[in-house]
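As a plain string of letters, each chain reads:
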Amino acid sequence: MKSETLEALREAVRGPVIGPEDSGYDDARKVYNGMIDKRPGAVVRCSDVADVMSAVRTVREQGLELAVRGGGHSGPGLGIVDGGVTVDLAPMRWVRVDPGARTAQVGGGGLQADLDHATHAFGLAVPSGTVSTTGLGGLTLGGGHGYLTRKYGLTLDSLLAADVVLADGSFVTVDEKNHPELFWALRGGGGNFGVVTSFTYRLHPVSTVGVGITVWPAERTREVLGWYREFLPRQREDLYGFFAVLNVPPRPPFPDEIHGRKMCGVVWCWTGEPDRLSEALAAVQEPGKPAFHFAAPMPYPELQSMFDELLPPGLQWYWRGHFFDRIPDAALDAHLTYAEGLPDGLSTMHLYPVDGAAHRVGSGDTAWSYRDALWSGVFAGIDPDPANAQTIKEWSVAYWEALRPYSMGGGYVNFIGEGEGEDRVRATYRENYDRLARIKREYDPDNVFHTNQNVRPADVA
Ligand code: FAD
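Everything numeric in this text was worked out from a predicted model, so none of it was measured. (Residues numbered from 1 in each chain as written. Predicted model: local features only at pLDDT ≥ 70, side-chain atom pairs only at ≥ 80, totals over all residues. Heavy atoms only, no water.)

What follows deals with the pairing of strand β18 (residues 375-383). Burial within β18 is extensive, with nine of its nine residues counted as buried. Because side chains alternate across β18, one face comprises the buried residues Trp375, Gly377, Phe379, Gly381 and Asp383, and the other comprises Ser376, Val378, Ala380 and Ile382, equally buried. Looking at chain direction, strand β16 (residues 316-324) and β18 are connected through nine bridges and run antiparallel. Residue pairing across strands places tryptophan 317 opposite isoleucine 382, the latter belonging to β18. (Buried < 20%, exposed > 50% of the residue type's maximum accessible area, 1.4 Å probe, protein only. Helix = DSSP H or I, 4+ residues; strand = E, 2+ residues; numbered from the N terminus. Pairing = 2+ DSSP bridges.)

What follows concerns the packing of helix α11 (residues 329-340) against helix α12 (residues 389-403). The interhelical angle for the contact between α11 and α12, taken along N-to-C directions, is 170°, at an axis separation of 9 Å. With respect to their mutual orientation, α11 and α12 come out roughly antiparallel. Classified by chirality, the crossing of α12 by α11 is right-handed. Judged by residue contacts, Ala331, Ala334, His335 and Tyr338 of α11 engage Trp395, Ala398, Tyr399, Ala402 and Leu403 from α12. Considering only residue class, the contact of α11 with α12 consists of eight nonpolar, one polar and no charged. (Axes fitted to C-alpha atoms, helices over the stretch in contact; angles between N-to-C directions. Parallel < 35°, antiparallel > 145°, perpendicular 65-115°, else oblique. Left-handed = near helix turned anticlockwise from the far one by under 90°. Contact = heavy atoms within 4.5 Å. Nonpolar A, V, L, I, M, F, W, Y, C, P; charged D, E, K, R; others polar.)

Lining the immediate surroundings of the ligand are 34 residues, of which Val68, Gly70, Gly72, His145 and Tyr412 lie closest. Between an oxygen atom of the ligand and a main-chain N or O atom of glycine 70, the distance comes to 2.7 Å. Between leucine 139 and the ligand, the recorded distance is 3.4 Å, taken from a backbone N or O atom to an oxygen atom. Across the complex, the protein chains shield 96% of the 960 Å² of accessible surface that the ligand would expose by itself. Those elements giving two or more residues to the shell around the ligand turn out to be β3 (66-69), α5 (136-142), β10 (195-202) and β16. For the shell around the ligand, the leading source of residues is α5, giving four residues. A class-by-class count of the residues in the shell around the ligand yields 13 nonpolar, 20 polar and one charged. (Near = heavy atom within 4 Å. Polar contact = N/O pair within 3.5 Å; in protein donor to acceptor, adjacent residues only side chain to side chain. Areas by Shrake-Rupley, 256 points an atom, 1.4 Å probe, with all protein chains shown as cover.)

Okay, the domain arrangement of the protein chain next. Assigned domains of the protein chain: these are domain 1 (3-88), domain 2 (95-205) and domain 3 (208-415). Spacing between the C-alpha centres of domain 2 and domain 3 amounts to 24 Å. Taken together, the contact between domain 2 and domain 3 spans 33 residues of the former and 41 residues of the latter. The junction of domain 2 with domain 3 conceals about 2,900 Å² of combined surface from both sides, 57% of it contributed by carbon and sulfur atoms. In this assembly, domain 2 and domain 3 are joined by three salt bridges. Its salt-bridge partner being lysine 151, residue aspartate 238 comes within 2.6 Å of it at the nearest N-O pair. Put simply, the parts of the chain that give the side of domain 2 that touches domain 3 at least two residues each are α4 (112-120), α5, α6 (149-152) and α7 (180-186). (Domains from an automatic or database assignment. Buried area = accessible area lost by both parts, 1.4 Å probe. Salt bridge = Lys/Arg side-chain N within 4 Å of Asp/Glu carboxyl O.)

This paragraph deals with the sheet that holds strand β1 (residues 17-18). Strand order in this open sheet of four strands is β1-β2-β4-β3, and the pairing throughout is mixed. The outermost strands of the open sheet, each flanked by one partner alone, are β1 and β3.

This paragraph deals with empty space enclosed by the protein. What the rule picks out here adds up to two cavities of 30 Å³ or more. One number sums up the size of the second largest cavity: a volume of about 50 Å³. As for the second largest cavity, its lining consists of Gly142, Gly188, Phe323, Ala367, Trp368, Ser369, Tyr370, Gly411, Tyr412, Val413, Thr428 and Tyr429. Looking at the lining of the second largest cavity residue by residue, the classes come out as seven nonpolar, five polar and no charged. (1 Å grid on protein atoms, 1.4 Å probe; cavity = no way out; pocket = protein on both sides within 12 Å on 5 of 7 lines; lining within 4 Å. Points joined across faces, edges and corners; volume = space filled by probe spheres on them.)

Moving on, we get to the nonpolar core. Counting 75 residues, the largest nonpolar core has Leu186 and Leu311 as its most contacted members. Structurally, this core is a two-domain feature, drawing no fewer than three residues from each of domain 2 (95-205) and domain 3 (208-415). For leucine 311, the contacting residues outside a window of four places in its chain are Tyr32, Val131, Trp317 and Ile382. (Core = buried A, V, L, I, M, F, W, Y, C linked by side-chain atoms within 4.5 Å.)

In this section: helix α3 (residues 49-61). Between the first and last C-alpha of α3 there are 18 Å, a value that for 13 residues agrees with the 18 Å anticipated at 1.5 Å per step. For α3, the full list of buried residues reads Asp51, Val52, Ala55, Val56, Thr58 and Val59. All buried residues of α3 lie within an arc of 165° about the axis, which places them on one face of the element. Of the surrounding secondary structure, the elements contacted by the buried residues of α3 are α1 (3-12), β2 (42-45), β3, β4 (85-88), β8 (159-165) and β10. Residue aspartate 48 occupies the N-cap position of α3, its side-chain oxygen lying 3.3 Å from the main-chain nitrogen of alanine 50. The positive-phi residue at the C-terminal boundary of α3 is glycine 63, with phi of around 65°. (Expected span 1.5 Å × (residues − 1). Arc of directions from axis to C-beta.)

A few words on the pattern of salt bridges. On inspection of all chains with the given rule, the structure shows 30 salt bridges. In this structure, arginine 10 and glutamate 7 form a salt bridge, with 3.9 Å as the shortest nitrogen-oxygen distance. Of this pair, arginine 10 and glutamate 7 both sit in helix α1, three residues apart, which is roughly one turn of the helix. The class of arginine 10 is partly exposed, set by a relative accessible area of 32%. Residue glutamate 7 is classed as partly exposed on the basis of its relative accessible area of 40%.

This part covers the environment of glycine 108. Within the fold, glycine 108 resides in the loop between β6 (103-107) and α4. Distance from glycine 108 to methionine 349, taken between C-alpha atoms, is 29 Å for residues 241 residues apart in sequence. When near neighbours in sequence (up to four residues on either side) are disregarded, glycine 108 contacts Gly70, Leu89, Met92, Gly137, Val196, Thr197, Ser198 and Phe199.

A word on the sheet that holds strand β12 (residues 208-217). A sheet is described by the order of its strands in space; here seven strands give the open sequence β15-β12-β14-β13-β17-β18-β16, paired in antiparallel fashion. The sheet is open, and its two borders are formed by β15 (292-299) and β16, each paired with just one other strand. Adjacent strand axes in the sheet meet at a mean angle of 15° when their direction is disregarded. As paired strands, strand β17 (residues 348-353) and β18 are joined by six bridges and run antiparallel to one another. Paired with proline 353 across the two strands is tryptophan 375, which belongs to β18. Together, β13 (239-247), β16, β17 and β18 form the strand contacts of α12, whose direction differs from that of β16 by roughly 5°.

Take a look at the structure:
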């Protein structure tokens, strides 16, 4: 990038603009996934909405590539772009809670942990993902599923309004009444439509929750998953549990004798009556005696951050996803094969429930079209050592391929892996794709926001 361009950016914004010659450059270009090694021309740390507006205008005037970074957790590293400008929202992590109205407004760079911390003080929460260092930006715009999804829906189902800087650098506030089509598109359409500088969420009463972890040896995956697929969808929406295959991490609460063992298991969250947690989880004995079972009450933010330390920034990640509305017996066999063949380390497969309250919203009511899915599956290769990058990627892709015949034909937009291509984005949105493309044509006809799972502007009729 030319020095005059960097100068123009520095003049345009108040926050720091970090270029390749600056001392903080290597830190500024890092994203959560250590496999991503991109070299942007500049990282613009935006301090407020005015900075975002100026940065977007300058990027357009100079004809540069643009990326928008919320929490930086995208698997394919979509928060950063080679040679272009990253609009980094990390300084914008403020939260304002209105306990009377039961709403919270969060800056566009806010993390789940920021929101959980602020709302927990009032016994309130927004459904979000299962690792609290994740950015609310990418999470909300793509969907957002986690422990509260069966009870209160996706993160985007709690979105009431958003402040957005559009492709021409102008600013709008969108909700059900103002720019309703754009509001529809933001709820699932990813970062395609603008830079969201704040999100306003509806809050739900959640304070202490019941938490459980149950694991069984990996060789029992067939029986355990066969039981889980029948059990969970029939339970009250107060019970949530995501299924996982994993190597047991060498840390509490797991006992020493199972550390490093290949297992399958379920992580539970109970939002029902506090004294009925044991009763809600009594059925875990049904598929055979677990190797370990733990259940206890926990403040909700503690559950949300339970896996943060296990998954620090900088690990190697490669993931892909599928939606499922059934888990037939043949799929159980495939899960058993890949659970037993799990690479050592942190790689995992999760099946996140997306039924319950998430099913009470229609497939066309927001851009998130898979309201008939029961599970959102992720096949995640994870390892600290770059030398293992190829191995974990191959495991993830092979497992994903093996489950493809039993999937619904698309996957969660936030679980699309590097190199999956445009058809996969279409498959994610199904019948909502064409409407998204028309809204894209209206709000971003030149496709300025394309460093994302891109929806191209519809052709002019
Ligand atoms: P970024 O990399 O910053 O951004 C991702 C995309 O969103 C980019 O295209 C970016 O341009 C866009 N974007 C981000 N912020 C904004 C904004 N304010 N305005 C406009 N565009 C923006 N997902 C779940 O649903 N449930 C989970 O339980 C879950 N667990 C996860 C655990 C881990 C450890 C990780 C790494 C990811 C997990 N995810 C989960 C996936 C997660 O939702 C996505 O990776 C999401 O994109 C992260 O958002 P981010 O803002 O941190 O990412």
